Amino acid sequence: MHGTVWSLLPFLVVIPLALFTRQVLPGLVVGLVVGAYMLSPTPFGGIDTALQYILKELAIPDNLRLIVFMYGFGAFVGLVRITGGVSGFAHLMEEKIRSGRGAFIVTWLSSLLTFMAPDFRIITVGPVMKQVFSRLEVPVNKVAFVIDATATPLCAIMPLGTVFIGYSIGLLSTVSRHQGVVTPPYNLFLLSIPFNFFSLAMLAFALFYSFRKSDKVQAKEPISQPMESLAKIRALGSAQLAYAETSMELAIHPPMYKRKRNMNRESEAYPDPIELVAQKVTPNALNLIVPLVLLLSLTLFYTWWDGHLHSSSLLGALIQANAAKAMLEALLTTLMISFIWYAFQEQPLQRTLFGFLQGGNEMMAVNVLLVFVWAVSAISTDLGFVTYTEQTVGRLVPAAFIAPAFFVLGCLLSYVIGSSFGTWGILLPLGFSLATTEHAALPLIAGAVFASGTFGGFVSPLSDNTVAMATVMKIPVMDYAKLKLRLGLMVAAACTVLYGLVGWFYRGV
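The present account deals with the structure reproduced in this document.

### Notes on the nonpolar core
Part 1 of the reasoning: Of all hydrophobic cores here, the largest spans 144 residues; its most connected members are M70, M129, Y167, F198, F407, L428 and Y499.
Part 2 of the reasoning: Those residues in contact with Y167 that sit more than four places away from it in its chain are L66, M70, V366, L369, L370, V373, F421, G422, W424 and G425.

Following this line, the structure appears as structure tokens:
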């Protein structure tokens, strides 16, 4: 069975189940169990083997470090929200805007402080800019698209300080270990950024779209219209939203996870506890700005410090450093200093601890997904998945076609499941296996996979970002999703051609 067509079975189980359930986790669980029973075909041997693989992956220091980082990053976001940093930043933006062009400039500049996670940016910036653009008579669909385009696509290519980079490095580390790739995962991520064509092209298109001349709205929306609260936005049901805008429910971090309700049920309200507490706190933009600047500064410092013994130059030190370790150290230091910062403001310790724990708990869904991705990748490797692809599939697929093929496949998969993270977790092991077999450029393949997941996370009507933005802007979700799909397909088509052209000429790492 080792190195035969059966070694593909775990992945062949994961993808159809993900498409059928429109959720990634059930497919990963079943794929892991199937692979475990292939290795231990006894009544209880498969379950025991599956647990052993989970525990084995959790025991790897880099994996455990990533789990802590993801929890800590969620805790960091929870802190800046519950202490009034987000609401303070929103008020600060609204006071500085006087014209439509100025509003779009502020919208783009705000990404410098809200790039940490897509849903964080949408819920922070969206409600404020809706009120501002309504006063300036700018079409609401255009506003929603620009904010959305500076959320997921931007977050996917930021080299530090985002929830995406931690997840991406974790995946790259796992697949590199299984494929015997010696390039450090963080370096691979940096090298893949220029090849995330969809993110880069969408940002360029959104910049053009922002400042082109367009007609004003026909009827001015009343300024006094009440703004949708975050608690209400998160309380609405996302599964029903595709059919009725008034019944949506947004799940908390990360963007790809959502609670789907039976279409015949009435939506249930689940207010966001952090938002309920934050509404009673005096807004203070510094409670967002200071911790974020501190986090970014410390990340650069710790990265340099970790690599400065291996290289005398700044760039060399950053390349030689263990970036995942440095990011975790910077995050933990930032959290400790932030608690002191909030204590000097006489923020109650009970409140900040609540925000810390609640925010961290919101990232546990991502951590669970990561663990199962690691386990499925490991069990597929032990079944001879790499050997089989080298002997068969790799010979049938020219190296130049790997990037465009994975980009198209990933776009279809991510659109159906509405998940960037899920698409990356499924396709990255497959892509690296083919790339190492055919000696294709790993940064190009990684960039194509990351770009394909970004496509679905951005345009899919099942993506929480699409649902959140439509709810904030009070527009029908399917109308908005169609707009994003129409524009997104144009960009994706150009990217597919570009991947094909680059694949013929580029033979990098």
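### Brief notes about the side chain of N287
Part 1 of the reasoning: Inspection of the secondary structure assignment puts N287 in helix α16 (residues 286-307).
Part 2 of the reasoning: For N287, a relative accessible area of 0% puts it in the buried group.
Part 3 of the reasoning: Residues contacting N287, with those up to four places away along its chain left out, are V80, T83, G85, W341, Y342, Q345 and Q347.

### Focus: the packing of aromatic side chains
Part 1 of the reasoning: One pass over the full model with this rule turns up 27 aromatic pairs.
Part 2 of the reasoning: Ring plane angle 25° and centroid distance 6.1 Å describe the contact between F301 and W305, whose orientation is recorded as stacked. Here W305 and F301 lie together in helix α16, a separation of four residues that amounts to about one turn.
Part 3 of the reasoning: Since its relative accessible area comes to 49%, W305 is described here as partly exposed.
Part 4 of the reasoning: Taken together, a centroid distance of 5.0 Å and an interplanar angle of 40° make the contact between F407 and Y499 tilted. Taken together, the residues span a long stretch of sequence, with F407 in helix α22 (residues 399-417) and Y499 in helix α26 (residues 477-505) at a distance of 92 residues. Like F407, the residue Y499 is buried in the burial classification.
Part 5 of the reasoning: Members of the aromatic cluster, joined through ring pairs, are F145, F198, F205, F208, Y209, F455 and F458.
Part 6 of the reasoning: Seen from the ring of Y209, K142 lies directly overhead, with NZ or CZ sitting 5.9 Å from the centre.
Part 7 of the reasoning: Against the face of F458 rests K484, its NZ or CZ located 4.7 Å from the ring centre.

### Topic: the state of the cysteines
In protein chemistry, a disulfide is the covalent bond that joins the sulfur atoms of two cysteines.
Part 1 of the reasoning: Tallying each qualifying case throughout the model produces zero disulfides.
Part 2 of the reasoning: The thiol of C495 is not disulfide-bonded; the next cysteine sulfur, from C411, is found 8.1 Å away.

### Concerning the packing of helix α8 (residues 140-149) against helix α25 (residues 464-473)
Part 1 of the reasoning: The geometry of α8 relative to α25 is characterised by a closest axis approach of 10 Å and an angle of 145° between their N-to-C directions. In this structure, α8 meets α25 at a crossing whose hand is right-handed. Residues V140, V143, A144, I147 and D148 of α8 form the contact with α25, whose participating residues are N465, T466, M469 and M473.
Part 2 of the reasoning: Grouping the amino acids of the contact of α8 with α25 by side-chain chemistry returns six nonpolar, two polar and one charged.

### Here we look at the side chain of T114
Part 1 of the reasoning: When you line up the elements, T114 lands in helix α6 (residues 100-114).
Part 2 of the reasoning: Here S110 takes part through its backbone oxygen, which lies 2.9 Å from a polar atom of the side chain of T114.
Part 3 of the reasoning: Residues contacting T114, with those up to four places away along its chain left out, are F89, F120, R121, T124 and V125.

### Quick look at the packing of helix α4 (residues 61-82) against helix α19 (residues 349-361)
A pair of packed helices is captured by two measures, namely the crossing angle of their axes and the spacing between those axes.
Part 1 of the reasoning: Here α4 crosses α19 at 135°, and the two axes come no closer than 6 Å. As far as their axial angle goes, α19 and α4 are oblique. Of the two possible hands of crossing, α4 and α19 adopt the one that is right-handed. Across the interface between the two elements, Y71, G74, A75, G78, L79 and I82 from α4 touch R351, T352, F354, G355, F356, L357, G359, G360 and N361 from α19.

### Some points on the pattern of salt bridges
If charged atoms from side chains of opposite charge come close, those side chains can pair.
Part 1 of the reasoning: Evaluated as defined, the whole model comprises five salt bridges.
Part 2 of the reasoning: D306 is paired through a salt bridge with K325; the nearest N and O atoms lie 3.3 Å apart. On the criterion of sequence distance, the pair formed by D306 in helix α16 and K325 in helix α18 (residues 323-344) is long-range, its members being 19 residues apart.
Part 3 of the reasoning: Beyond isolated ion pairs, a larger network of salt bridges with shared partners links D306, K325 and E329.

What counts and what doesn't
Residues numbered from 1 in each chain as written. Predicted model: local features only at pLDDT ≥ 70, side-chain atom pairs only at ≥ 80, totals over all residues. Heavy atoms only, no water. Core = buried A, V, L, I, M, F, W, Y, C linked by side-chain atoms within 4.5 Å. Buried < 20%, exposed > 50% of the residue type's maximum accessible area, 1.4 Å probe, protein only. Contact = heavy atoms within 4.5 Å. Helix = DSSP H or I, 4+ residues; strand = E, 2+ residues; numbered from the N terminus. Phe/Tyr/Trp six-rings, centres within 6.5 Å; stacked < 30°, edge-to-face > 60°. Lys NZ or Arg CZ within 6 Å of the ring centre and 35° of its normal. Disulfide = S-S within 2.5 Å. Axes fitted to C-alpha atoms, helices over the stretch in contact; angles between N-to-C directions. Left-handed = near helix turned anticlockwise from the far one by under 90°. Nonpolar A, V, L, I, M, F, W, Y, C, P; charged D, E, K, R; others polar. Polar contact = N/O pair within 3.5 Å; in protein donor to acceptor, adjacent residues only side chain to side chain. Parallel < 35°, antiparallel > 145°, perpendicular 65-115°, else oblique. Salt bridge = Lys/Arg side-chain N within 4 Å of Asp/Glu carboxyl O.

Shape descriptors only; they carry no functional weight alone.
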